[in-house]
Each structure stands twice: as structure tokens, then as C-alpha cells.
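Below, each chain spelled out in residue letters.
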Amino acid sequence: MTNLEQAVVVITGGARRVGLHCTRTLQRLGCQVHITYRSEHAEIDVLRAEGVVCHRVDFEDEDNFDAWLEYLRKEAPPLRALVHNASLWLPDSEPSTDFQTTIRRMNRIHCEAPYLMNMAAAERLRLGGNPLSDIVHITDYVIEKGSDHHIAYAASKAALDGMTRSFAKRFAPHIKVNSIAPSLLMFQADDDLEYRRKTLAKSALGVEPGPQVVVDALLFLLNNDYMTGRVIALDGGRNIR
Ligand SMILES: NC(=O)C1=CN([C@@H]2O[C@H](COP(=O)(O)OP(=O)(O)OC[C@H]3O[C@@H](n4cnc5c(N)ncnc54)[C@H](OP(=O)(O)O)[C@@H]3O)[C@@H](O)[C@H]2O)C=CC1
Ligand SMILES: Nc1nc2c(c(=O)[nH]1)N=C([C@H](O)[C@@H](O)CO)CN2
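This report concerns the structure included in the present document. Not measured: the values here are computed from a predicted model.

Some points on a negative patch on the surface
(1) Moving on: Taken together, the side chains of D61, E62, D63 and D66 define an acidic patch exposed on the protein surface.
(2) Moving on: With respect to the helices and strands, the residue D66 is situated in helix 3 (residues 62–75).

Next comes the structure, spelled out in C-alpha cells:
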């Protein structure tokens, strides 16, 4: 069992939903959690009061993101883990968006940004191992099946999945790199009943599990010193449906 007391963990998109649940759990376990968030909201002040270090980072704002990379390269403390949770579930046919913008945004958020953060944080992660350190990519079950309405999203998550194996090769033996690939975790507040029914029926277990299943998988990875380049599928049995 790894000792997470005072371990420094970075969680991107750590101020809402799944990321927030990961943030609160690791903070309670004695970690020093650093999060990135994009938009200001009341929860940020609450997290700061709880001792979470909150960095405002928009992956699509070049100067702001470059400053974040510089922080990871030169100022961050030794890191025990870097969790790539931040994401945007952009459909291909969003009325206000043309397809070129959609694919560019999806690749930026789910592929370019995690790639650049991994390279920037590598030295800090090597220093922060106890004995090993972790990078976790949160991808999506959809990379297995494809999607007809989130093609760019699925493609960019597939790229993130591929980088799991590549970075696992590059960073062994000091840094483990694994993916968590969920299907439905949490509905959006405005998802209607018909959509919820249809979505729940897609898996063998037929439930909306909530964020704890991701926390459980994350803690498993942090505590396992013999797994790298692999994927934990959290999909309620979508594959056997
Ligand atoms: N929810 C689900 O059912 C499923 C989720 N997943 C994956 O699990 C992870 C967590 O899901 P969920 O909690 O729903 O994620 P959300 O859709 O709630 O997004 C997580 C965070 O990403 C941040 N983010 C979005 N765009 C940017 C950007 N350009 N720069 C920096 N941060 C950004 C958002 O910040 P802000 O709020 O400030 O804009 C948000 O807090 C994601 O990787 C998701 O793809 C996979 C399958 C199912
Ligand atoms: N960044 C996000 N990615 C995904 C979300 C989300 O809310 N934010 N939601 C889903 C769906 O739950 C899908 O798995 C089932 O309809 C997928 N990705």
C-alpha cells in the first residue's frame, strides 16, 4: 500500500464532477492536491480553503497554458501523480461550431495538452516517486465502439489511449502510465429521461455508477507497482451487451 501522506498529486479539471470527487478523496487521504480549472466558480474558493492548490488553466489559451507548462517544468514540487481528467464532450454537430474547429479543439484538449504536460512534468514525476509515480489518462469506452455523433471527441480520446502505451515505454521504470476508460459515469443535469433510459440500457449492469468508481480505480493504480501501459475499463458490461 503506497503512503500518500503529503504526496503531491495534480488533477486536471479537478473542480467539478468526477475530478472534484477525486480531488476531495485524495486531499482527505493526506495528499497535497493541485488542480487545474478553467472557469471561476464558488467551489474554487471552497477548495482553496480546504488546502487544495488551484491553478486556473485553459488548455486552449496558448499563453496561459505555456505558463502552466513552465510551472510544471521548473516550479512544481516533486509529483507523485498526474491525472488527466479535464475534458470537453463536444458533439460534431454543435450548431455554433464548424467541423474544423471541433476536431482542433478535441485534439488540443485530449491529446496535445496531456502530451505536453507529461513531457513538462516528467522530471518532477521522477523526483516524486514513492517508490514509483503515476500518470493516469482518463479516456472513454467509446474508443472501442466509435461514435457517430462525437467522432472528433472519440478520435482524440483514442489518441490519449495510444499515448498510454507510448509514455509507459518512455517513462519506465520510474513512472507508471495507465488509462481508466469509463462509459457512463454521471449524467449531465440537463439529460432528459428518454436519453437516460436509452443510455442505461446500453450496459449489462444498467446503472449510473457515479464518480466513486473512478476514484476506486485511481487508488488501485496508485497502489499497484506492477501495472503500466494498461487500461482499466469501467463500462458496466457494455462489451457483453
Ligand atoms: N461523465 C461521464 O459519464 C463520463 C466521463 N468520461 C471522462 O471522465 C472524465 C471526467 O468526466 P466529467 O467529470 O463528466 O467531465 P466534465 O465534462 O465535467 O469536464 C471536466 C473538466 O474539464 C475542464 N475542461 C474542459 N475544457 C477545458 C479546457 N479547454 N482547459 C482546461 N480544462 C477544461 C472543465 O473545466 P470548467 O468546468 O472550468 O470548464 C471541467 O471541470 C473526462 O475525461 C470524461 O471525458 C468518460 C465517459 C463518461
Ligand atoms: N468530458 C466529458 N466526457 C463525457 C461525458 C461528460 O459529461 N463529460 N459524458 C459522457 C456520457 O456519459 C456517455 O458516456 C454516455 O452517454 C461521455 N464522455
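Having seen it, we continue.
So, the nonpolar core
(1) Moving on: The biggest cluster of nonpolar side chains holds 35 residues, and the ones touching the most others in it are F59, F65, W68, L72 and M117.
(2) Moving on: Listed by contribution, the elements that provide at least two residues to this core are strand 1 (8–12), helix 3, helix 4 (99–128), helix 6 (151–171) and strand 6 (175–182).
(3) Moving on: Leaving out residues up to four positions away in the same chain, W68 has contacts with V10, T36, H55, V57 and M117.
(4) Moving on: Residues V33, C54, I180 and I232 belong to the second largest nonpolar core, which totals 33 residues.

Some details on the site of ligand 1
(1) Moving on: Taken together, 24 residues surround ligand 1, and among them R16, R38, S39, N85 and L185 come closest.
(2) Moving on: Interatomic distance of 2.7 Å between a backbone N/O atom of S39 and an oxygen atom of ligand 1.
(3) Moving on: The separation between a nitrogen atom of ligand 1 and a polar side-chain atom of D58 is 3.2 Å.
(4) Moving on: Considered on its own, ligand 1 offers 900 Å² of accessible surface; in the complex 91% of this is hidden by protein.
(5) Moving on: Those elements that place two or more of their residues in the shell around ligand 1 are helix 1 (17–28) and helix 6.
(6) Moving on: Classifying every residue of the shell around ligand 1 gives eleven nonpolar, six polar and seven charged.

Brief notes about a nonpolar patch on the surface
(1) Moving on: On the surface, Y115, L116 and M119 cluster together into a nonpolar patch covering about 230 Å² of accessible area.
(2) Moving on: Among the secondary structure elements, L116 is positioned in helix 4.

Some thoughts on the side chain of Q27
(1) Moving on: Structurally, the position occupied by Q27 is in helix 1.
(2) Moving on: Here E50 takes part through its backbone oxygen, which lies 3.1 Å from a polar atom of the side chain of Q27.
(3) Moving on: In contact with Q27, other than residues within four places in its own chain, are Q32, V33, E50, G51 and V52.

Focus: helix 4
(1) Moving on: In this model, helix 4 (30 residues) spans 41 Å end to end at C-alpha, consistent with the 44 Å of a helix rising 1.5 Å per residue.
(2) Moving on: Where helix 4 bends most, at A122, the angle is about 55°.
(3) Moving on: With a side-chain oxygen positioned 3.0 Å from the backbone nitrogen of Q100, the residue opening helix 4 is D98.

Definitions and cut-offs
- What you see as residue numbers is a count from 1 along each chain, following the sequence as written.
- Ligands are numbered from 1 and chains lettered from A, in the order in which they are written.
- At least 70 in pLDDT is required for a residue's local features to be given in this predicted model, at least 80 for side-chain atom pairs to be given and counted, and no such filter applies to totals for whole chains, interfaces and linings, which use all residues.
- Here the side-chain values reflect all heavy atoms present in the structure, with hydrogen atoms and water set aside.
- Without a salt bridge and with relative accessible area above 30%, a residue can belong to a patch; like charges are then joined within 9 Å and nonpolar side chains (Val, Leu, Ile, Met, Phe, Trp, Tyr) within 5 Å.
- The Shrake-Rupley method, run with a 1.4 Å probe, gives the accessible areas here. Residue values count only the displayed protein chains as cover.
- For this analysis, a salt bridge means a side-chain nitrogen from Lys or Arg found within 4 Å of a carboxyl oxygen belonging to Asp or Glu.
- In this tally Asp and Glu are treated as negative and Lys and Arg as positive; neither His nor the chain ends contributes.
- The atom standing in for a charge is NZ when the residue is Lys, CZ when it is Arg, CG when it is Asp and CD when it is Glu.
- Only DSSP runs of H or I with at least four residues qualify as helices, and only runs of E with at least two residues qualify as strands; both kinds are numbered from the N terminus onward.
- What makes a nonpolar core is a set of buried Ala, Val, Leu, Ile, Met, Phe, Trp, Tyr and Cys residues whose side-chain atoms join them at distances within 4.5 Å.
- Accessible area is worked out with a 1.4 Å probe on protein chains only. A residue is then buried under 20% of its type maximum, exposed over 50%, and partly exposed in between.
- Here, two residues are considered to be in contact whenever any of their heavy atoms come within 4.5 Å of each other.
- Any residue with a heavy atom lying within 4 Å of a molecule or strand is counted as near it.
- By the criterion applied in these results, polar contacts are pairs of N or O atoms within 3.5 Å in which, for protein atoms, one can donate a hydrogen and the other can accept it, and in which residues neighboring in sequence qualify only through two side-chain atoms.
- Each residue receives one of three labels: charged for Asp, Glu, Lys and Arg, nonpolar for Ala, Val, Leu, Ile, Met, Phe, Trp, Tyr, Cys and Pro, and polar for the others, Gly being one of them.
- Helix span is expected to be 1.5 Å times the residue number reduced by one.
- One axis fitted to the seven residues ending at a residue, another fitted to the seven starting there: the angle between these axes is the bend at that residue.

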